[in-house]
Amino acid sequence: TQVFGVRMIPKPEIRITSRGEVVNEKQGMKVPGPRTLEVRAIADESFKAFLPKDARYKVAQWEVSLARGSNAIKIKKVKGQEVNLSDFAALASPGDRLVIEIKKIERRNFKDEIETVKMGTIVRTIPLN
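Fair warning: this is a prediction, and the values are worked out from it, not measured in the lab.

A. Molecular detail of the sheet that holds strand β2 (residues 21–22). Strand order in the open sheet formed by 4 strands is β2-β1-β3-β6, with antiparallel pairing between adjacent strands. For this open sheet the edge positions go to β2 and β6 (82–84), each flanked by a neighbour on one side alone. Pairing geometry for strand β1 (residues 13–18) and strand β3 (residues 36–42), over 5 bridges, is antiparallel. Each bridged residue has a counterpart across the sheet, and for isoleucine 14 the counterpart in β3 is alanine 41.

So, in structure tokens, the structure goes:
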């Protein structure tokens, strides 16, 4: 018998961008906020280099809401990685925030089968100032 060490598949990094630029979640964005948002699941570099056909992730379902205080003013459910937020711009005020909740991440493996990645609830907040 031979004992082999097995590494688990690393979780992807969640990257939020607008017009090709990574959104700074700490500093936030100027009102009226972004017109579009992209949410991507990025594979770990070493995993991607070693097993590129297993490192194909995508954010399949997520939700973005414009929040003021403890209330959501407008909510959009998104299937896919990109959303148009032009309708949020008319409603946004300084002090509001965009709350992004990622519901489902999928990974396509080397057999071209789609697996759901278990990552729990992921919530990101982008302040609008």
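That was the structure; now back to the text.
B. Structural view of the nonpolar core. If you look at the biggest cluster of nonpolar residues, it comprises 28 residues, and the most contacted ones within it are Leu37, Trp62, Ile100, Ile102 and Ile105. Among the secondary structure elements, those contributing two or more residues to this core are β1, β3, β4 (56–68), β7 (97–108) and β9 (122–127). A per-element tally of this core places β4 first, with 5 residues. Excluding residues that lie within four positions of it along the chain, isoleucine 100 makes contacts with Ile16, Leu37, Val39, Trp62, Glu63, Val64, Ile122, Val123, Arg124 and Ile126.

C. Examining the side chain of serine 18 more closely. Tracing the sequence through the fold places serine 18 in strand β1. Here threonine 36 takes part through its backbone oxygen, which lies 2.9 Å from a polar atom of the side chain of serine 18. With residues near it in sequence (within four places) discarded, serine 18 still touches Val23, Met29, Pro34, Thr36 and Leu37.

D. Region of interest: the side chain of glutamate 106. Along the chain, the position of glutamate 106 falls in strand β7. Polar contacts involving the side chain of glutamate 106 include one to the side chain of lysine 104, which spans 3.4 Å. The residues touching glutamate 106, leaving out its near neighbours within four places in the chain, are Arg56, Tyr57, Lys58, Ala60, Ile114, Glu115, Thr116 and Val117.

Analysis parameters
Residues numbered from 1 in each chain as written. Predicted model: local features only at pLDDT ≥ 70, side-chain atom pairs only at ≥ 80, totals over all residues. Heavy atoms only, no water. Pairing = 2+ DSSP bridges. Helix = DSSP H or I, 4+ residues; strand = E, 2+ residues; numbered from the N terminus. Core = buried A, V, L, I, M, F, W, Y, C linked by side-chain atoms within 4.5 Å. Buried < 20%, exposed > 50% of the residue type's maximum accessible area, 1.4 Å probe, protein only. Contact = heavy atoms within 4.5 Å. Polar contact = N/O pair within 3.5 Å; in protein donor to acceptor, adjacent residues only side chain to side chain.

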